[in-house]
Amino acid sequence: MPGTTQHAPVAADLNLDPADATTCERLARTLCADRYEAVDSPEWVARARDASDELPLPLRRALRRFRRHSGPHGTLLIGGLPVDQPALPPTPAVPGSVQRRATLPAALLTMVACGLGEPHAYLAEKSGALVQDVVPVPGQESFHGNAGSAPLSFHSENGFHPHPPDYVVFLCLRADHDRTAGLRVAGIRQALPLLTPAGREVLFAPEFRTAPPPSFGPGASGAEPEPRPVLSGAAEDPDIRMAQLVTTPLTPRAAAALAEFGRAVEATARTLYLTPGDLVVLDNRVTVHGRTAFQPRYDGADRWLHRTYVATDLRRSRDHRPDDGHVVAR
Ligand SMILES: O=C(O)CCC(=O)C(=O)O
Ligand SMILES: [Fe+2]
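None of these values were measured; they are calculated from a predicted model. (Residues numbered from 1 in each chain as written. Chains lettered and ligands numbered in written order. Predicted model: local features only at pLDDT ≥ 70, side-chain atom pairs only at ≥ 80, totals over all residues. Heavy atoms only, no water.)

Caption draft 1: Spatial organisation of the nonpolar core. One finds L59, I78, L108, M111, L116 and L279 to be the most contacted residues of the largest nonpolar core, which totals 47 residues. Mapped onto this core, the elements with two or more residues apiece are α1 (18-30), α2 (42-52), α3 (57-68), β2 (75-79), α4 (104-116), β6 (167-174), β13 (279-283) and β15 (304-311). A total of 10 residues in this core trace back to one element, the largest contributor, which is α4. Beyond its immediate sequence surroundings of up to four residues, L279 is in contact with L76, L77, I78, L81, L109, V112, V169, F170 and L171. Formed by 22 residues, the second largest nonpolar core is a distinct cluster that contains F154, V230, M242 and V286. (Core = buried A, V, L, I, M, F, W, Y, C linked by side-chain atoms within 4.5 Å. Buried < 20%, exposed > 50% of the residue type's maximum accessible area, 1.4 Å probe, protein only. Helix = DSSP H or I, 4+ residues; strand = E, 2+ residues; numbered from the N terminus. Contact = heavy atoms within 4.5 Å.)

Here it is in structure tokens:
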């Protein structure tokens, strides 16, 4: 069962000091001047990219180091971003909620994303918006996606796609009332030693199919996905592509290896109880993530994260992005 293993609280890799938080806020506010829906325009992203060069040195350095090597957990947790909680509007509670207006949190998230690479989105998911809301939605409690509040099983983001994001970035605007919502993250660098040689061999074999997740909508499945491995690349430090919900093993040995992988992930996962101003970067190539259950109240003060995706090399997906924009259209 997700959420049953208790772990000590995860310490932030970097806590911004007040002076650095003030610098972040000043930069972000210069991006908030526009009243119109600016976030998805190339011009606004260009301004956020330029502003990201002026982020405080400890933050830029942490992002740069993480790009080179995402560490034993494939996770970077930064505390103390100035989200100005008292000024936040009520937590949205509608399906497909996104943030197209240039707000302080949207600007902070986008600057950090630009410090890691290029933000991008997928047209089929949340209407292709760069900054997406992760919020519980009434009636979608058991939905297996970020609008739900039931446990969300382990997945890498968009493993079915030829160009999955390299990083997933979350910024916490509000925690859930009971502080029970935990972002669960497991990295292959911790899980790999728990796998048997036979299990590893099968996970490297193209004996699995990964379909689009429910967040891509009911029509997204299309043609049957090609068989692929769950693990690829270096035997001692592989990449992962899988989602417990939508990855199907194609052979009995693949089913056994996937179950073994699930146990290794379960045994090594850490749970992050994000609080307002916490930002977490997941290296989507070497981690899987999920979420514990929590109890939404739909009173305007529910859990609220912003999410964006980052590509280290946006050029790689050029043939999937019309007009060289930020939206992967197919
Ligand atoms: O709600 C969460 O903490 C994570 C949800 C999730 O997996 C996602 O938004 O990609
Ligand atoms: Fe996710």
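Caption draft 2: Layout of the coordination of the iron ion (ligand 2). In this structure, H155 (NE2), E157 (OE) and H289 (NE2) serve as the protein donors to the iron ion (ligand 2), at separations of 2.1 to 2.3 Å. All donor residues of the iron ion (ligand 2) come from one chain, and their arrangement in sequence is H-x1-E-x131-H. Of this pair, E157 sits in the loop between β5 (152-155) and β6 while H289 sits in strand β14 (residues 287-291); the two residues are 132 residues apart in sequence, bridging distant segments of the chain. In this structure H289 comes out as buried when scored by relative accessible area, which is 4%. (Donors = N, O, S within 2.8 Å, 3.2 Å for Na, K, Ca; no water.)

Caption draft 3: Broad picture of the site of ligand 1. Taken together, V134, N146, L152, H155, E157, F170, L183, H289, R291, R303, L305 and R307 make up the full set of residues adjacent to ligand 1. Between ligand 1 and the protein, one listed contact pairs an oxygen atom with a side-chain N or O atom of N146 at 2.9 Å. Here an oxygen atom of ligand 1 and a side-chain polar atom of E157 are 3.3 Å apart. Protein chains bury 99% of the 300 Å² of accessible surface belonging to ligand 1 in isolation. Using a 2 Å cut-off from the grid points, one finds that ligand 1 occupies the largest cavity. Counting only elements with at least two residues in the shell around ligand 1, the list comes to β5, β14 and β15. When the residues that make up the shell around ligand 1 are grouped by side-chain class, the tally is 5 nonpolar, 3 polar and 4 charged. (Near = heavy atom within 4 Å. Polar contact = N/O pair within 3.5 Å; in protein donor to acceptor, adjacent residues only side chain to side chain. Areas by Shrake-Rupley, 256 points an atom, 1.4 Å probe, with all protein chains shown as cover. 1 Å grid on protein atoms, 1.4 Å probe; cavity = no way out; pocket = protein on both sides within 12 Å on 5 of 7 lines; lining within 4 Å. Sits in = over half its atoms within 2 Å of the grid points. Nonpolar A, V, L, I, M, F, W, Y, C, P; charged D, E, K, R; others polar.)

Caption draft 4: Highlighting the UniProt feature "domain: TauD/TfdA-like" (unreviewed entry) in the protein. Per the UniProt record, "domain: TauD/TfdA-like" (unreviewed entry) is found at residues 250-309. As annotated, residues 250-309 comprises 28% helix and 32% strand, and the C-alpha atoms at either end are separated by 30 Å. (UniProt positions renumbered as here; feature names shortened; annotations may be inferred.)

Caption draft 5: Spotlight on the side chain of T110. Relative to the assigned elements, T110 resides in helix α4. There is a polar contact of 2.7 Å between the side chain of T110 and the backbone oxygen of A106. Those residues in contact with T110 that sit more than four places away from it in its chain are W44, A48, P119 and V131.

Caption draft 6: Broad picture of the pattern of salt bridges. For the coordinates displayed, the defined rule picks out 16 salt bridges. Between R297 and D178 there is a salt bridge, and its shortest N-O distance comes to 3.3 Å. Highlighted residues: R297 in the loop between β14 and β15 and D178 in the loop between β6 and β7 (183-187), separated in sequence by 119 residues. The partner of E224 in a salt bridge is R209, and the shortest N-O contact between them spans 3.6 Å. Pair noted here: E224 is in the loop between β8 (208-210) and β9 (231-234) and R209 is in strand β8, with a separation of 15 residues, a long-range link. (Salt bridge = Lys/Arg side-chain N within 4 Å of Asp/Glu carboxyl O.)

Caption draft 7: Structural detail: empty space enclosed by the protein. This structure, assessed with the given rule, holds 4 cavities of 30 Å³ or more. In terms of lining, the largest cavity is formed by 34 residues, of which the most central are G145, L152, H155, E157 and H289. Those elements that place two or more of their residues in the lining of the largest cavity are β5, β14 and β15. Of the volumes computed, that of the second largest cavity is approximately 60 Å³. For the lining of the second largest cavity, the residue count by class is 5 nonpolar, 3 polar and 2 charged. (Points joined across faces, edges and corners; volume = space filled by probe spheres on them.)

Caption draft 8: The arrangement of unusual backbone geometry in detail. Despite not being glycine, Y298 shows a phi value in the positive range, around 55 degrees. Inspection of the secondary structure puts Y298 in the loop between β14 and β15. Here the phi dihedral of D323 falls at roughly 55 degrees; this positive angle occurs in a residue that is not glycine. The residue D323 is located in the loop between β15 and β16 (327-328) in this model.

Caption draft 9: Structural detail: the sheet that holds strand β12 (residues 270-272). Across the sheet, which stays open at both edges, the 4 strands sit in the order β5-β14-β7-β12 with antiparallel pairing between neighbours. Looking at strand neighbours, the two that pair on one side only are β5 and β12, the edges of this open sheet. The average undirected angle you get between the axes of adjacent strands in this sheet is 20 degrees. Pairing of β7 with β14 involves 5 bridges; the strand directions are antiparallel. Across the sheet, the residue bridging to A186 is V288, located in β14. Lying over the sheet, helix α7 (residues 252-268) contacts β5, β7, β12 and β14, oriented at roughly 115 degrees with respect to β7. (Pairing = 2+ DSSP bridges. Axes fitted to C-alpha atoms, helices over the stretch in contact; angles between N-to-C directions.)

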